[in-house]
Structures are given as structure tokens and as C-alpha cells.
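Summary of the model geometry
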Amino acid sequence: MGTFSDSLTLAAALVAHLDPRFVDIVALSLRVSLTATALAACVGLPLGAAIAVGRFPGRQALTVLLNAMMGLPPVVVGLVVYLLLSRAGPLGAFGVLFTPAAMIVAQTILITPIIAALSRQVVADAWGEYREQLTSLGAGTFSAALTLIWDTRYSLATVLLAGFGRAIAEVGAVMIVGGNIDGVTRVMTTTIALETSKGDLPLALALGIVLIAIVLIINALAQYTREWARVRYG
Amino acid sequence: MADVASAGGLPIVCAGVAVGHNGTRILADVDLAVTRGNLTLILGPNGSGKSTLLRVLHGLLTPTAGTISWGGASVRPRRHAMVFQRAVLLRRSAAANIRYALDLAGVRGAEAESRIDDALAEVGLRALAGRSARVLSGGEQQRLALARAWALRPEVLFLDEPTASLDPKASRAVEEIVRGIHARGTTVVMTTHNLAQAKRLAYDVVFLHEGRLVEQSPAQGFFNAPRTSEAAAFLEGERL
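Calculation notes
- Residues numbered from 1 in each chain as written.
- Chains lettered and ligands numbered in written order.
- Predicted model: local features only at pLDDT ≥ 70, side-chain atom pairs only at ≥ 80, totals over all residues.
- Heavy atoms only, no water.
- Helix = DSSP H or I, 4+ residues; strand = E, 2+ residues; numbered from the N terminus.
- Buried < 20%, exposed > 50% of the residue type's maximum accessible area, 1.4 Å probe, protein only.
- Contact = heavy atoms within 4.5 Å.
- Lys, Arg positive; Asp, Glu negative; His and termini not counted.
- Charge placed at Lys NZ, Arg CZ, Asp CG, Glu CD.
- Salt bridge = Lys/Arg side-chain N within 4 Å of Asp/Glu carboxyl O.
- Buried area = accessible area lost by both parts, 1.4 Å probe.
- Polar contact = N/O pair within 3.5 Å; in protein donor to acceptor, adjacent residues only side chain to side chain.
- Nonpolar A, V, L, I, M, F, W, Y, C, P; charged D, E, K, R; others polar.
- Core = buried A, V, L, I, M, F, W, Y, C linked by side-chain atoms within 4.5 Å.
- Expected span 1.5 Å × (residues − 1).
- Bend = angle between axes of the 7 residues up to and from the residue.
- Patch = residues over 30% accessible without salt bridge, like charges linked within 9 Å, V, L, I, M, F, W, Y side chains within 5 Å.
- Areas by Shrake-Rupley, 256 points an atom, 1.4 Å probe, with all protein chains shown as cover.
- Pairing = 2+ DSSP bridges.
- Axes fitted to C-alpha atoms, helices over the stretch in contact; angles between N-to-C directions.

Along its length, chain A carries ten helices and zero strands. Across chain A, helices and strands are ordered from the amino to the carboxyl terminus as α-α-α-α-α-α-α-α-α-α. Expressed along its principal axes, the backbone C-alpha trace of chain A runs to roughly 65 × 50 × 30 Å. By residue count, 44% of the 234 residues in chain A fall in the buried class. Residue pairs in contact within chain A that sit at least 24 positions apart in sequence constitute 75% of those at least 6 positions apart. Computed over 14 positive and 12 negative side-chain charges, the inter-centroid distance for chain A is 9 Å.

What follows is the structure in C-alpha cells.
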């Protein structure tokens, strides 16, 4: 029972002392997951909008596939990226396995379907409301899709948060392609897994508390910004 | 203020137009011609197909049977604009909403800015140009939608029950704007279920009943001496 109170104290101490190794781990976590979210947004938002607005054969099937891919197991994504990036793999020549770049690639693949599937839903709902007006004004499919992305930006911000949450919380993919190398590819979740297996449960839990706190702060900031903008811009 | 007419998208001619959906008939066998300079009110009870006919005339909806042409062409002209029952405004400023529409129509730069200013002044919203469109009142939103349509200098303006969700004062403001736009040479086609409004505005009345065009006559004749029993019953029922 003492574990939780021990961990809370430890978590507070970690944050208070700002141990450089601890700061590096947190910084790498944020760097990897935020970059992956940004990359996945570049692909997922236009893809989701295109599927929502476009009229092409296989659209329904693509929607089903995308929705299903929201449940991609991180270890499987990690394994596939590992095979692609390993020395013998097709992309082995780049030599990025066991680097943060490999972790970014894996997380990007993991969350692109989430961002695409959720933004498809958001944009499709808006399209129902805007379609006649935009058609009347002469907007083509491409320009309508861009307009809808911009007009649903507050909802899409939540979609990006969902993607980021998935990325920062997963351990399977970054563990396999990053290798949890101390000082190089060690992030919060892999550290938690390592400390747990070493038996240092209070430290593992303390790191977990810090991780949750960081996610909470980022979400709170996003929520605050969104509400501010909504009140101001409608 | 010129340059409204002569874009070549008139007359709009419907021949035997029908619209159906899963076996239900929304419009049947409608023959209709919209001619230049007219202000036509489409009247009829709820569910008579008014909005559907308007969408067909604007080219938003393809009829399931029959033909429609715009100035002899089978493609929807770009210089036709529509204002919907509930204004669909983008999440940006009032001025930016008009700028967006002008940009799609290929009007940019100084010409666009002068048209934006002119259109906002026309509907009395110049002071709110920088305000976000989504925080305007219902009446202001509808006036902005009208300004956006007017900025396009449309050859034809379609209005689908533009005052249905507005209070009487806001409705009269919208009517005045519509009248002003028509006075400058734009052909207007509008649906309404408000008879008083129809009497104030209409030159020409198209009366629909259960998806059929029952009567088309000049407004005065329609209101004083309807030729069909359906129209007489509609006018009678509305008076009660």
C-alpha cells in the first residue's frame, strides 16, 4: 500500500530536482510524439477530409479499413517498422534503426489512421451542413475539403490530441524500433517498463504519474485555447 | 451597379421535371420557365416540393426525369447564387465570408475589397465587417448571406425561405434587401410559406401542390382570383 504514497513523493522529487537524465527522457518523449503527431496530421487530416468529401469507388471500404486501423497494435507496427529498417530490410541503408527517427516513423504509422479516421468523421459531419452552400458557391472537391478542415479546426484539434495521446502513451513500438538505449532512445514509457521489470516499482509509478501529469497539462492548454477561440471567433 | 444581366444563364427552362426518392414522389411533371428580370415566388403547403424545385432550378439537384436548361445550356451557370433557410456561414469574419465567395468566383484584390464594402453597406453590416460571422444574430447572419450572394452580382438569386426563422423586423429587412437586389436587374426566385410576404414581394407566383405545378400566374391575379381549387383552398386556409 505504501507504493502509491512513495511514488507520489518520488514523482514530486523528480519534478522538483529536474535531474538532467530525467529531463532528457521527458524531452525525448515529447519530441518523438509531437513530431509524430505533426507528421501524422500532415497525412491524416487531408486523407480524412478527402474521404469525407470525395466520391470515388471503394470509399466505404476505405472508411472501414481506416476505422479498423485505429486499433493497430503498437508492437505489430514496431515489428513491421523494425523489419523495414533493419540492416537486411529494404530501408536498412538509411541506418536509422535504434534512433529517435525510427521511433518517430513507428509512431507516425501508428497514429495516422487514428487522425485520418476521426477527422473523416468530423469533416463528413460538417460537409453535411456545408455541401449545398459550397456547391452553390462553386467550390470544387479539393477546395471544399480545405475549407472544411479550416472550419472544423477546433474539433480537429481534439483529433490531434487523441493521436498525440496514443503516441505518448504507447510502449510497444518505440521499444522495438528504439531499443530503449540509455541516453539515446529511452523515453518515459520504456523507462517505466524497464524499472517495472527491474522491480523498482515506486520509481516506475512515479514516472507514470509524471507522464499522466504532462498529458493532462497539454490537454488542459489545448482545451483552454479552444474555448478561448470559440468564444472569440464562434 | 450594372453588369448584373446578360450572363447568358437565362431563361431557365424545366420540361417534365420529376424528382423521386426511393419510390416517393417529390416533384412530378413540372414545366416552368424563369425569365429575365422577374421576381417569382414559389408558394405551396409544407411538403409540396418548393425547396426541391428551387434546388433543381439552381442545379444543386439533378432531376430523376425531365430536362432543365440554363440559357440553352445543360450546365449550371456560375453566376447564379442561392441563400438558404439557415445561413451557412464559414467560421471567419463577415468580410472574409464574402471574400471567400468572391475568390471562388475569381474576383480578387481591389475589386473584391470594394465589392465586400459595398455589399456589407447594402445590408447594413459595414460596422460588423471584422466580427466573426458565427457570433452574429440570426437576422444579421441572413443579411450577411444576402451580402455574400449580392457581392457575386448574380444573374439569378435563389432564396429558400430566407425569413422562416427570423422575427418580423428582421424579415422586413431581408425583404427590403431582396427588393433592392431585384431592382438592380437580378432575377429573383424565392420560396416562402408567408402569404403576406409573397403579396409584398411577388411579381409572379408559382403554386405547387403535392409535387405538381398547379398554377403559375401574375401575383395580383393569383391572390385575387386563383384559377385552381387547390390554390383557392391554400389561400383560404392561410387566411384562417
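Attention now goes to the pattern of salt bridges. Going through the model one piece at a time under the given rule, you end up with 18 salt bridges over all chains. Within the structure, one salt-bridge network assembled from shared partners comprises A:R21, A:D182 and A:R186.

So, about the interface of chain A and chain B. Across the boundary between the two partners, chain A contributes 20 residues, which contact 23 residues of chain B. For the pair chain A and chain B, the summed buried area comes to about 1900 Å², and 48% of that belongs to carbon and sulfur atoms. When residues of chain A are sorted by the area they lose upon contact with chain B, A:E132, A:Q133 and A:L137 head the list and together hold 32% of the total. Our count for the chain A to chain B interface comes out at three salt bridges. Residue A:D151 is joined to B:R134 by a salt bridge in which the shortest nitrogen-to-oxygen separation is 4.0 Å. Linking chain A with chain B are nine residue pairs in polar contact (both at pLDDT 80 or more), by the criterion used here. Contributions of two or more residues to the side of chain A that touches chain B are made by α5 (100-136), α6 (141-151), α7 (153-169) and α10 (201-233) of chain A. Per-element accounting of the side of chain A that touches chain B gives the leading share, seven residues, to α5(A). Partitioned by chemical class, the residues of the side of chain A that touches chain B number eight nonpolar, seven polar and five charged.

Formed by 95 residues in total, the largest nonpolar core has its most connected members in A:L134, B:L43, B:I98, B:L144, B:L146 and B:F223. At 14 residues, the largest contribution of residues to this core is made by α5(A). Leaving out residues up to four positions away in the same chain, B:L43 has contacts with B:K50, B:T192, B:L195, B:A198, B:V205, B:V206, B:F207, B:L208, B:F222, B:F223 and B:F234. Residues B:I42, B:L54, B:L60 and B:I68 belong to the second largest nonpolar core, which totals 24 residues.

Right, let's get into helix α2 (residues 20-53) of chain A. Because an α-helix completes one turn every 3.6 residues, residues spaced three or four positions apart along the sequence face the same direction. For α2(A), with 34 residues, the first-to-last C-alpha span of 48 Å sits near the 50 Å given by 1.5 Å per residue. At A:A41, α2(A) shows its largest kink, close to 35 degrees.

Let's shift gears to a nonpolar patch on the surface. A contiguous nonpolar surface patch, about 520 Å² in accessible area, is contributed by A:V75, A:V76, A:V80, A:L84, A:L91 and A:F94. Residue placement: A:L84 occurs in helix α4 (residues 74-85).

With that out of the way, let us pick up the sheet that holds strand β4 (residues 65-70) of chain B. Residue and element names in this part refer to chain B. The three strands lie next to each other as β2-β1-β4, forming an open sheet whose pairing is antiparallel. Each edge of the open sheet carries a strand with a single partner, namely β2 (24-34) and β4. Adjacent strand axes in the sheet meet at a mean angle of 20 degrees when their direction is disregarded. Here seven bridges tie strand β1 (residues 12-21) to β2, and the two strands are oriented antiparallel to one another. Residue pairing across strands places V13 opposite A33, the latter belonging to β2. Of the strands in this sheet, β1, β2 and β4 are in contact with helix α1 (residues 50-58), which crosses β2 at around 55 degrees.

Turning our eyes to something else, we now look at the sheet that holds strand β8 (residues 204-209) of chain B. Sheets are built from strands that pair by backbone hydrogen bonding, the pairs being arranged parallel or antiparallel. Residue and element names in this part refer to chain B. If you walk across this open sheet you meet the six strands as β5-β6-β7-β3-β8-β9, and the pairing is mixed. For this open sheet the edge positions go to β5 (80-83) and β9 (212-218), each flanked by a neighbour on one side alone. On average, each strand axis in the sheet is inclined to that of its neighbour by 15 degrees, with strand direction left out of account. In terms of strand pairing, strand β6 (residues 156-160) meets strand β7 (residues 187-191) through five bridges, oriented parallel. Looking across to β7, one finds that V156 is bridged to T187. Of the strands in this sheet, β3 (39-43), β5, β6, β7 and β8 touch α1, which is tilted by about 155 degrees from β6.

A separate point is the side chain of B:T191. Residues and elements named next belong to chain B. Its location among the elements puts T191 in strand β7. Within the structure, the side chain of T191 is placed 2.9 Å from the side chain of D160, a separation counted as a polar contact. If we ignore the near neighbours within four places in the chain, the residues touching T191 are I42, K50, S51, L54, L159, D160, E161 and P162.

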